[in-house]
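# Remarks on the overall topology
If you want the building blocks of each chain, they are given just below.
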Amino acid sequence: MAKSQPAQHNHSTAVVKLLNKGRLWRSVIGVLLIVAGVVTLLTALGLNTGGVLAGAVALLQKLFGIGIFLLCIIAIGAGGYLLLNPNPRMTRRRWVQVILAEVAFFSFLALIHTVSFGVDPYQLVQGGGGGGAVGWVLSEALWKILGVSGNGMSLMRLLSLLIWLVIFAFSAFVAVSPLLMTHTPLKREEDADAPAVAVGRAPIHTKPWEVAAPEQSDLPAEPKLDKPIRGTQLPLSDRPEKAERKLARGEAQNVKSNAVIIKADEARHDKPAKPYARPDTLPRIDLLKAVKEVKNSDADAQRLADVIETTLTQFGLAGKVVEIRRGPTVTQFGIEPGYLDRGAQSREKALLKIRNALNAAVYEAVDVELSAEKTTAQIKAPVAIIDAKEAGFKALLKALLAELDLSASVGEGDRRSGRAVFEIGADTERKLKIKAGQVSNLRRELAAALCDRLFEVDDFAGSDQLTERLTISFPAGIADALGLKDVLEATILELGLAGEIDLPRRSTKADIVWAKQAQKVRVGAIAALQNDFALALAAPSIRIEAPIPGRGLVGIEVPNANIATVDLRSLMESEAFRRIAAQSPLAIALGRDVSGTAVNADLGRMPHVLIAGTTGSGKSVCISAITVCLAMNNRPEDLKLVMIDPKMVELSRFAGLPHIIGKPESDIDRIPGVLRWVTREMDSRYKKFAEIGSRNLSDYNEAMARKKEAPLPRIVVLIDELADLMLQSPIETEKTICRLAQMARATGIHLVVATQRPSVDVVTGLIKANFPARISFAVASATDSRVILDQIGAESLLGRGDMLFLNPEKGSPERLQGCFVSDKEVEGVIDWWKKQIETEKQEKIRKGELEVTSEEDYVANKKPEFETPWEMVVAEMAAERMQNGNGGSGSSGMDDDGGDDELINKAMEIIRANGNVSTSLLQRKLRIGYPRAARLMEELKEMGYVGEASKQAGKGRDVLMKDAPPATTEE
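Thresholds applied
- Residues numbered from 1 in each chain as written.
- Predicted model: local features only at pLDDT ≥ 70, side-chain atom pairs only at ≥ 80, totals over all residues.
- Heavy atoms only, no water.
- Helix = DSSP H or I, 4+ residues; strand = E, 2+ residues; numbered from the N terminus.
- Buried < 20%, exposed > 50% of the residue type's maximum accessible area, 1.4 Å probe, protein only.
- Contact = heavy atoms within 4.5 Å.
- Areas by Shrake-Rupley, 256 points an atom, 1.4 Å probe, with all protein chains shown as cover.
- Salt bridge = Lys/Arg side-chain N within 4 Å of Asp/Glu carboxyl O.
- pLDDT = per-residue confidence, 0-100.
- Patch = residues over 30% accessible without salt bridge, like charges linked within 9 Å, V, L, I, M, F, W, Y side chains within 5 Å.
- Phe/Tyr/Trp six-rings, centres within 6.5 Å; stacked < 30°, edge-to-face > 60°.
- Lys NZ or Arg CZ within 6 Å of the ring centre and 35° of its normal.
- Pairing = 2+ DSSP bridges.
- Axes fitted to C-alpha atoms, helices over the stretch in contact; angles between N-to-C directions.
- Parallel < 35°, antiparallel > 145°, perpendicular 65-115°, else oblique.
- Left-handed = near helix turned anticlockwise from the far one by under 90°.
- Nonpolar A, V, L, I, M, F, W, Y, C, P; charged D, E, K, R; others polar.
- Expected span 1.5 Å × (residues − 1).

## Brief notes about the overall build of the protein chain
Looking only at helices and strands, the protein chain features 32 helices and 24 strands. In the protein chain, which comprises 971 residues, the share counted as buried stands at 43%. When contacts within the protein chain are restricted to residue pairs at least 6 apart in sequence, those whose partners lie at least 24 apart make up 66%. When the accessible surface of the protein chain is summed, it comes to about 51400 Å², and 54% of that surface belongs to carbon and sulfur atoms.

## Focus: the pattern of salt bridges
Applying the stated rule across the entire model yields 26 salt bridges. Here arginine 551 ties to glutamate 323 by a salt bridge, and the two come within 2.6 Å at their closest N and O atoms. Residue arginine 551 is located in the loop between strand 13 (543–545) and strand 14 (554–559), and its partner glutamate 323 is located in strand 1 (residues 319–326); the two are separated by 228 residues in the primary sequence. Given a relative accessible area of 26%, arginine 551 falls into the partly exposed group. Given a relative accessible area of 6%, glutamate 323 falls into the buried group.

## Describing the confidence of the model for the protein chain
Parts of the prediction with low pLDDT should not have their coordinates interpreted in detail. Residues with a pLDDT of 70 or more make up 77% of the protein chain, whose mean pLDDT is 77. This stretch, residues 1–21, has a pLDDT under 50; its non-local contacts, to residues over four places away or in other chains, come to four contacts. Between residues 182–261, whose pLDDT stays under 50, and residues either more than four places distant or in other chains, the model counts 138 contacts.

## Points about a nonpolar patch on the surface
Taken together, the side chains of Met156, Leu159, Leu162, Leu165 and Val166 define a hydrophobic patch exposed on the protein surface, amounting to about 430 Å² of accessible area. Mapped onto the elements of the fold, methionine 156 is located in helix 8 (residues 155–180).

## Section: the packing of aromatic side chains
Taken as a whole, this structure holds eight aromatic pairs when the rule is applied. A centroid spacing of 5.5 Å and a plane angle of 65 degrees characterise the contact between phenylalanine 105 and phenylalanine 106, whose relative ring orientation is edge-to-face. Exposure remark for phenylalanine 105: the relative accessible area of 9% places this residue in the buried category. On the numbers, 5.3 Å between centres and 45 degrees between planes, the contact of phenylalanine 689 with tyrosine 700 is tilted. You can see phenylalanine 689 sitting in helix 22 (residues 671–692) and its partner tyrosine 700 sitting in helix 23 (residues 697–707), a full eleven residues away along the chain. Classification of phenylalanine 689 as buried rests on a relative accessible area of 2%. Taken together, the ring pairs connect Tyr686, Phe689 and Tyr700 into an aromatic cluster. When the ring centre of tyrosine 363 is taken as reference, the NZ or CZ atom of arginine 443 above it lies at 4.1 Å.

## Let's talk about the sheet that holds strand 2 (residues 330–337)
Read across the sheet, four strands follow the order 1-2-14-13 without closing on themselves; strand pairing throughout is antiparallel. Of all strands in the sheet, those bounded by a partner on one side alone are strand 1 and strand 13. Along the sheet, successive strands turn relative to each other by an average axial angle of 25 degrees, direction set aside. Judged from the seven bridges that link them, strand 1 and strand 2 form a sheet pairing that is antiparallel. Pairing of lysine 320 across the sheet is with glutamate 336, part of strand 2. Strands strand 1, strand 2 and strand 14 of the sheet are contacted by helix 10 (residues 298–314), whose axis makes an angle of about 150 degrees with strand 1.

## So, the packing of helix 10 against helix 18 (residues 530–537)
Packing of helix 10 against helix 18 leaves a shortest axis separation of 10 Å and a crossing angle of 135 degrees. Relative to helix 18, the element helix 10 is oriented oblique. Between helix 10 and helix 18 lies a crossing whose hand is right-handed. Between helix 10, through Leu304, Val307, Ile308, Thr311 and Leu312, and helix 18, the contact on the second element is made entirely by Phe533, Ala536 and Leu537. Its residues placed into classes, the contact of helix 10 with helix 18 shows seven nonpolar, one polar and no charged.

## Regarding the pairing of strand 18 (residues 609–612)
Judged by which residues are buried, strand 18 turns out to be covered on both faces: Val609 and Ile611 on one side and Leu610 and Ala612 on the other are all buried. With four bridges connecting them, strand 18 and strand 21 (residues 749–755) associate as parallel partners. Along strand 21, the bridge assignment pairs alanine 612 with threonine 755. Bridging between strand 18 and strand 22 (residues 773–776) involves four bridges; their strand directions are parallel. Within strand 22, the residue paired with isoleucine 611 across the bridge is isoleucine 775.

## Some thoughts on the sheet that holds strand 10 (residues 499–502)
Read across the sheet, four strands follow the order 8-9-11-10 without closing on themselves; strand pairing throughout is antiparallel. The open sheet has two edge strands, strand 8 (456–457) and strand 10, and neither has a second partner. Direction of pairing for strand 9 (residues 467–473) relative to strand 11 (residues 509–515): antiparallel, over a ladder of seven bridges. If you follow threonine 467 over to strand 11, its bridge partner there is alanine 515.

## A short note on unusual backbone geometry
Cis rather than trans, the peptide bond between alanine 546 and proline 547 has omega equal to -10 degrees. Tracing the sequence through the fold places proline 547 in the loop between strand 13 and strand 14. A cis geometry characterises the amide bond from methionine 606 onward to proline 607, with omega recorded as -5 degrees. As for its placement among the helices and strands, proline 607 is situated in the loop between strand 17 (598–602) and strand 18. Within the chain, methionine 648 stands out as a residue other than glycine whose phi angle is a positive 70 degrees. With respect to the helices, strands and loops of the structure, methionine 648 is situated in the loop between strand 19 (639–644) and helix 22.

## Things to note about helix 22
Between the first and last C-alpha of helix 22 there are 32 Å, a value that for 22 residues agrees with the 32 Å anticipated at 1.5 Å per step. Positive backbone phi, at 80 degrees, marks glycine 693, one or two positions downstream of helix 22.

## Remarks on the side chain of threonine 764
Inspection of the secondary structure puts threonine 764 in the loop between strand 21 and helix 26 (765–769). Residues in contact with threonine 764, not counting those within four places in the same chain, are Met726 and Glu734.

## Some words on the pairing of strand 17
In terms of residue burial, strand 17 counts as a mostly covered element, since five of its five residues are buried. With burial as the criterion, each face of strand 17 is covered, one bearing Ala598, Asn600 and Asp602 and the other bearing Val599 and Ala601. By the bridge criterion, five bridges tie strand 16 (residues 587–593) to strand 17 in an arrangement that is antiparallel. Within strand 17, the position partnered with alanine 589 by the bridge is asparagine 600. Count of turn residues in the strand 16/strand 17 antiparallel hairpin: four residues, of which glycine 596 carries a positive phi of about 85 degrees.

Okay, structure coming up:
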């Protein structure tokens, strides 16, 4: 019996659900239609000869004629449809189809009756033939309109036949057209970057219409809730097509549950619907590789949310996890701070004050006067109190008189002005008199007893999180008699509470509502629990963002069990990056934030970037990603790169990229000269701007385009280690970098500076003030984090690309997982550009746009001899060091021993052997210093052997005379 009761209950519950959904009665109607159609069809065919049934079918045959068979088929089909689809959705289109089906049926009956030529229509109806009575009426009506007479064939009768045929064909075709259409299921492409939809305590799925109910999940660690989960499925009105369009537009899909919301960030759908079309003159996007998505357990995220809420409760703080945002590295839990209920004492104080005020009101309403002889006293009270059944005034008065030994006599007097009078007298036999103290005690005890009997308080039963709600119940008429509203308002005002009193006229209930004296949980109190959260979550390190900028939540960022790799290709294919790249050629992809959103930036608007982080945290990878991103979207004539790499190994792999001016510089003695050349280039550009009245590089290039002259390229200076430069020449480096950061933006020169030691002697205040855009990877201490970001937080990063990006347009750091570019991808981009430049050069030679004097001037696979434009500046700085006593010995090449003629002869031999000449070539071949090699080059120019210096970077001087006579030495 114990088992049968639950089973019976389950069956009854299922029936109730079926009835509630409106499916049972539709199924019953379907069965009845099938049975009626089959029985009627059998009876019309003569297979069933039941008396009552045969009479009913005969009547139907007279009404519809041979259309009764069509009617049976329609009934059977409609019943089957209701059984297969017990919950049909009747749209406007379906109603039109139903109406047209009825029109087709009746026009069919009229058509059959019209076809019967030479037969009396009425006799045909009596025999149950043709279209029956319905068909006869319809056909006769049309005949009357057309003027048809007789039963024979006539032109008008043929016209009526054609009319009914057209009506039947049209209405039947429209009614059955949905059955003839073939439905193709919607194809949905799987998106590797599709986010998890918003669910409650349910698993996250990649598509919102495939969210499973929590009870169907097979996750073992699924937490249990006290209440059923709501919102794990989207409404029926949001079909998959609509949901897909919403996600494509970037609308957030939030479904709230009892405890937590898992929110899919709108920008995770950053892949464009169309393929990423790129010009043929730029590298293909498939040179960059896409990585597979790494998935983390959804049950773990829910478990961590419970742990966070439990930890807050254990430390006496109120808060709730209302949002979970999952990124490639960390998962951010959004906490909504609650309220600390510190109003227990305030409740008791308010309740005591209100009770005392009610008692005082009753005390003032009840008056006791002693007579002059002190043998009698009068008690005056409002009639509403005396007549109230709850008060029991007379019985209460007699009981109190007996206690005070004043129970000799009690008499009720007249009622005047809403008040009643009672007279009490002392015991005259004992010649007693009433004392004043007895009268005072009587009044006080009577008021207290009446107050307890008349008023009932619900003890804040209706209070909520933000308000206190107190309800006072009393008999009718008491509020007017005591002036209760004024009494309560004065009490609330005395307590200093901002409240409202709802007391309608002739009401028996007063509602008092005031703001709860609850304290909001401080953001700092949650942030102070960082180590406690790390202990409770068993996390290596966590970061608390208090609050999340632009949102009323506190973010707790917990590392994921599986850290995903962010590839550069997916970021460049995102719609956000394409929007920036369409406006600026200096668009760079940085990474993905805590919700997986692609974060991109415009280097032209920053306009400089300062990067810091410990060794191995991802600085060099970030610079490599920026370099590849710029090289993927810019041609060498539009963008030039100056690479400074004191570590000698990080940026040297970009050697050979045509965007680089010369080659990556790694000589610590030459790097200050490179920076000084950049400043001179900046000054030179400003002079050019001033000549034509341009304010920036864009205006100047537009003016040059109108004049059909060559534009100036943008220059990005990348420095991989600032600390080494500051150690060698701090004054020169700081002065040069600060001057570039202050003024170079308008000239199209931008700096990307990285250091692994963000101390105040490396990242000075002057440098930091000119670099508003900063990127901080994992640093060693909170002090370093303050130096680079002006706040703590970077010391808790995880490394390997985990960074904080301080965007000058936002003002608060944003946590990202930086994108990774492998060596193979870098080599692929460099090789593509080499082949592209080689192909373009050969094409120019073929078209005659580029002249070739001999076979030695152009060799396809020959390694070029670089001649960087800052060689003269480097030589000048070397000479300055020599003059200041900081230079080297005679090995520097600055000595002049009178062997210039011999060196000139050797230089001519080098020219004849190599076919070209440059200052750096003479310096290496003759093993002399750069100043002496430059002087030799000037002498060769004056002698007419070589031409002017080329303006194209990396190209030597033209040789004018190869067969020159040797120089003679004068004695």
